[in-house]
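Chain by chain, the residues run as shown.
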Amino acid sequence: MRSKIVAGNWKMNKTYHEMEILLGELEAKVPDTEAEIMVAPSFVNLPRAFMMLESSVIEPIAQNMHFAESGAYTGEVSADMLLGIGIETVILGHSERRSIFGETDDVLAKKVVAALAKNLRVVFCFGEELEDRKSDNHFNIVADQLTKGLFNLEADAWKNIVLAYEPVWAIGTGETASPEQAQEMHAFIRKAISDKYDATIADNVSILYGGSVKPANAAEIFSKPDVDGGLIGGASLNADDFMAIVKAI
Ligand code: 13P
């Protein structure tokens, strides 16, 4: 059985002190749920987040990492550095990493391999741009991102992969994919994995939806059979909103 997951991607938000306040509020409001709950603060705040969440059901996760073991990569963070502060999960391939920081499919494939080699769990993000959807090319784009980023992996590696379908046109725009659009794409993704690997791997992988998920639309999106949770940006910065989304699952 695949897990239900709600993860908050805080992006470049929250100072050390602001994070302490938000984590305190989240801890106070966390509902009883079978879903996994994750939050991704910035690198500098991760050690403190880990300490604050040590006995919590909320898992602190990283927003990114480099593929190299160590070396002359100014400003970067390695898998071992994450493991060294207790982090077990890393987001890779977010559209902002792809579009603003130039991370290519090839670079991301290397990062995934490097993370899995260290037994980190990977939340792998991908999704089409608005032009791709308008030109009816969104399935091709998503298939290509999956193929280049993940389909080089051995079947066994998939137990440590979580997918996050995030259509770029829905990120931070207030425009959400409709529940039907999300379900259609998630079913397509699961079929692509089943065709490449097998039905068991496809059935067991959690596929999150991301892009303007809010308390008001979360329940409907999460009600779709192939949507296993959400990767939440803006709404994860507010404890009431984030926990309302957690409750919606
Ligand atoms: P929003 O929820 O702000 O649209 O962001 C989604 C996202 O990018 C999560 O990674």
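Residues numbered from 1 in each chain as written. Predicted model: local features only at pLDDT ≥ 70, side-chain atom pairs only at ≥ 80, totals over all residues. Heavy atoms only, no water.

*Asks:* Quick rundown of the overall build of the chain? Include the residues and the values.
*Replies:* Regarding its fold elements, the chain presents 11 helices and 8 strands. The C-alpha atoms of the chain give 17 Å as radius of gyration, which agrees with the globular expectation for 249 residues (18 Å, within 12%). Projected onto its principal axes, the C-alpha coordinates of the chain cover approximately 45 × 45 × 35 Å. The 249 residues of the chain split such that 51% are buried. Across the chain, every contact between residues at least 6 apart in sequence was considered, and the portion connecting residues at least 24 apart equals 71%. With the model as given, the accessible surface of the chain reaches about 11100 Å², and the carbon-plus-sulfur share is 52%. Mean positive and mean negative side-chain charge positions of the chain (22 and 37 charges, respectively) differ by 1 Å. (Helix = DSSP H or I, 4+ residues; strand = E, 2+ residues; numbered from the N terminus. Rg over C-alpha atoms; globule rule 2.2 N^0.38 Å. Buried < 20%, exposed > 50% of the residue type's maximum accessible area, 1.4 Å probe, protein only. Contact = heavy atoms within 4.5 Å. Areas by Shrake-Rupley, 256 points an atom, 1.4 Å probe, with all protein chains shown as cover. Lys, Arg positive; Asp, Glu negative; His and termini not counted. Charge placed at Lys NZ, Arg CZ, Asp CG, Glu CD.)

*Asks:* How would you explain the site of the ligand if you had to name every residue and give the values?
*Replies:* The full set close to the ligand counts 13 residues, and Lys-11, His-94, Gly-172, Ser-212 and Gly-234 are the nearest of them. His-94 has a polar side-chain atom sitting 2.8 Å from an oxygen atom of the ligand. With respect to the ligand, the backbone of Gly-172 contributes an N or O atom lying 2.6 Å from an oxygen atom. Coverage of the ligand by the protein amounts to 97% of the 310 Å² it exposes when considered alone. Taken together, the residues of the shell around the ligand sort by class into 4 nonpolar, 7 polar and 2 charged. (Near = heavy atom within 4 Å. Polar contact = N/O pair within 3.5 Å; in protein donor to acceptor, adjacent residues only side chain to side chain. Nonpolar A, V, L, I, M, F, W, Y, C, P; charged D, E, K, R; others polar.)

*Asks:* I'd like a rundown of helix α5 (residues 105–117), residues and numbers included.
*Replies:* Its 13 residues give α5 an end-to-end C-alpha distance of 18 Å, which sits within 8% of 18 Å, the value for a rise of 1.5 Å per residue. Listed as buried for α5 are Asp-105, Leu-108, Ala-109, Lys-111, Val-112, Ala-114, Ala-115 and Leu-116. Buried residues belonging to α5 abut β4 (89–92), α4 (95–99), β5 (121–126), α7 (138–150) and β6 (161–165). Following α5 by one or two positions, Asn-119 adopts a phi angle in the positive range, close to 65°. (Expected span 1.5 Å × (residues − 1).)

*Asks:* Tell me about the layout of surface pockets, and name the residues and values.
*Replies:* In this structure, the largest pocket spans a volume of roughly 430 Å³. As for the largest pocket, its lining consists of 13 residues, of which Lys-11, Met-12, Gln-63, Arg-97 and Phe-101 are closest to the centre. Per-class residue counts for the lining of the largest pocket are 5 nonpolar, 5 polar and 3 charged. (1 Å grid on protein atoms, 1.4 Å probe; cavity = no way out; pocket = protein on both sides within 12 Å on 5 of 7 lines; lining within 4 Å. Points joined across faces, edges and corners; volume = space filled by probe spheres on them.)

*Asks:* I'd like a rundown of the sheet that holds strand β7 (residues 207–210), residues and numbers included.
*Replies:* One open sheet holds the 8 strands; their spatial order is β3-β2-β1-β8-β7-β6-β5-β4, and the pairing between them is parallel. Strands with a single pairing partner mark the edges of an open sheet, and in this sheet they are β3 (58–60) and β4. Strand-to-strand twist across the sheet, computed as the mean angle between neighbouring axes with direction ignored, equals 25°. Note that β5 and β6 share 5 bridges and pair parallel. Paired with Val-123 across the two strands is Val-162, which belongs to β6. (Pairing = 2+ DSSP bridges. Axes fitted to C-alpha atoms, helices over the stretch in contact; angles between N-to-C directions.)

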